[in-house]
Amino acid sequence: MKARSIIIAVSILCGCSHAASAALPRLATRASTTKEKSVSTEQKEEPPKWLEACNQLAPCTNILCSLAPMSTILHVTRTKSVGSLPLLPYSSMIANGFVWALYGHLAHLPNVKYANMIGIMLGTFYFKEWAAAAAASISGAIIYHKLAITWIVLINSFVAARFPRKVATEIVGKEGVLVFILLFASPLSALKGVIASRSAAAIPLPFTVASTINCSLWSVVGLLLMNDFNIYFPSILGLLCAMIQLFLKGIYGDGVK
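All values reported here derive from a predicted model rather than from experimental measurement. (Residues numbered from 1 in each chain as written. Predicted model: local features only at pLDDT ≥ 70, side-chain atom pairs only at ≥ 80, totals over all residues. Heavy atoms only, no water.)

Caption draft 1: Geometry of helix α4 (residues 88-106). Taking 1.5 Å per residue, 19 residues should reach 27 Å; α4 reaches 27 Å between its end C-alpha atoms and fits that length. In terms of burial, α4 is largely enclosed, as 16 of its 19 residues are buried. His 108 sits one or two positions beyond α4 and adopts a positive phi of about 60 degrees. (Helix = DSSP H or I, 4+ residues; strand = E, 2+ residues; numbered from the N terminus. Expected span 1.5 Å × (residues − 1). Buried < 20%, exposed > 50% of the residue type's maximum accessible area, 1.4 Å probe, protein only.)

Quick look at the structure:
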């Protein structure tokens, strides 16, 4: 009996030692995982307050940028004349708003999505008022702008519906880069006339100032916070275009002496 008791006790001790030795790797693994999580949490630092402030303000400046042409369009409505103002900034605003609203939807960026939806509505209003005040002789050009907007909407809707979400996001994002550049460079379409007439009246100042602020914020956020090429690259180019427009506006003004 004593021998049997000793054997049983030894077996129990051996079993406990085996169980303990088997549990040690699991405990070590859990401890290592916990340590890695804590290290990764420590390494993931919160962005500086000024950068977070830029991130919060950037979507607001999108709306500010969309509202900037309002005074110019109201003047067009009152005078029933578009003067030397091109239609391209307003048609490209509609196209730009649609592409980036779709990109925001595909990339799960609600701030981008809803801010650009407001841009679509305002761009449509500007387009309508400009077309109503324009001379009948340029109605053909207005039709071309409408066709271009329609094709952009249809093609991007097809891409979003038929391609995998990740692929569609990349395609729409790269197209958004091109449309974004077109929007912010469009007032430069009057550059030749500005230099020839020594008057920058064709460059709307409110829109240019708002574009400078908007592109500055998105350049900082896209590069330092998001690290998103589709955000920071067109924003930097848009900022350069806006600064050129401000430079010309400062040199020539409205040509009134």
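Let's pick the thread back up.
Caption draft 2: Structural context of the packing of aromatic side chains. Taken as a whole and judged by the stated rule, the model has five aromatic pairs. Between Tyr 90 and Tyr 126, the ring centres sit 5.9 Å apart and the planes meet at 65 degrees, which makes this aromatic pair edge-to-face. In this pair, Tyr 90 sits in helix α4 while Tyr 126 sits in helix α5 (residues 110-133), placing the two residues 36 residues apart along the sequence. For the residue pair Tyr 90 and Tyr 126, the accessibility class agrees, reading buried in each case. A centroid spacing of 5.2 Å and a plane angle of 80 degrees characterise the contact between Trp 100 and Tyr 103, whose relative ring orientation is edge-to-face. Of this pair, Trp 100 and Tyr 103 both sit in helix α4, separated by three residues, roughly a single helical turn. Tyr 103 shares its class with Trp 100; the two are buried. An aromatic cluster of three or more residues is present, and its members are Tyr 90, Phe 125 and Tyr 126. (Phe/Tyr/Trp six-rings, centres within 6.5 Å; stacked < 30°, edge-to-face > 60°.)

Caption draft 3: How the structure looks around the confidence of the model for the protein. Per-residue confidence for the protein gives a mean pLDDT of 78, with 77% of residues at or over 70. Long-range and interchain partners of residues 1-28, a stretch whose pLDDT sits below 50, account for zero contacts in this model, where long-range means more than four residues apart. Throughout residues 34-42 the model reports pLDDT below 50, and contacts reaching past four residues in sequence, or to other chains, amount to zero contacts. (pLDDT = per-residue confidence, 0-100. Contact = heavy atoms within 4.5 Å.)

Caption draft 4: A look at the environment of Met 226. Mapped onto the elements, Met 226 comes out in helix α9 (residues 205-226). In this structure the C-alpha to C-alpha distance between Met 226 and Asn 55, which are 171 residues apart in sequence, comes to 9.4 Å. Once residues within four sequence positions are removed from consideration, Met 226 is found in contact with Asn 55, Trp 218, Val 221 and Ile 231.

Caption draft 5: Inspection of the packing of α9 against helix α10 (residues 229-252) at higher detail. Following both chains from N to C, one finds α9 and α10 inclined at 150 degrees, their axes separated by 8 Å at the closest point. Considering the angle they form, α9 stands roughly antiparallel to α10. Once α9 is placed against α10, the crossing between them reads as left-handed. Together, Leu 205, Thr 208, Val 209, Ser 211, Thr 212, Cys 215, Ser 216, Trp 218, Ser 219, Gly 222, Leu 223 and Met 226 of α9 and Ile 231, Tyr 232, Ser 235, Ile 236, Gly 238, Leu 239, Ala 242, Gln 245, Leu 246 and Lys 249 of α10 make up the contact between the two elements. Looking at the contact of α9 with α10 residue by residue, the class counts come to twelve nonpolar, nine polar and one charged. (Axes fitted to C-alpha atoms, helices over the stretch in contact; angles between N-to-C directions. Parallel < 35°, antiparallel > 145°, perpendicular 65-115°, else oblique. Left-handed = near helix turned anticlockwise from the far one by under 90°. Nonpolar A, V, L, I, M, F, W, Y, C, P; charged D, E, K, R; others polar.)

Caption draft 6: Here's a closer look at the packing of helix α2 (residues 49-67) against α5. Contact geometry of α2 with α5 gives a least axis separation of 9 Å together with a crossing angle of 5 degrees. One way to sum up the angle between α2 and α5 is to call them roughly parallel. Residues Pro 59, Asn 62, Ile 63, Ser 66 and Leu 67 of α2 form the contact with α5, whose participating residues are Asn 111, Ala 115, Asn 116, Ile 118, Gly 119, Leu 122 and Tyr 126. Looking at side-chain class alone, the contact of α2 with α5 contains seven nonpolar, five polar and no charged residues.

Caption draft 7: Representation of the side chain of Asn 156 in the model. Along the chain, Asn 156 turns up in helix α6 (residues 139-162). What Asn 156 contacts, discounting residues up to four positions off in sequence, is Phe 98, Val 99, Leu 102, Val 172 and Glu 175.

Caption draft 8: Main features of α10. Look at α10: 35 Å from first C-alpha to last across 24 residues, which is about the 34 Å you get at 1.5 Å a residue. In the segment just after α10, Gly 253 is the residue with positive phi, at about 60 degrees.

Caption draft 9: Inspection of the pattern of salt bridges at higher detail. In the structure shown here, the tally under the stated rule is two salt bridges. For Glu 129, the salt bridge identified is with Lys 128, shortest N-O distance 3.8 Å. A relative accessible area of 15% means that Glu 129 is categorised as buried. Look at Lys 128 and you get exposed, because its relative accessible area is 55%. (Salt bridge = Lys/Arg side-chain N within 4 Å of Asp/Glu carboxyl O.)

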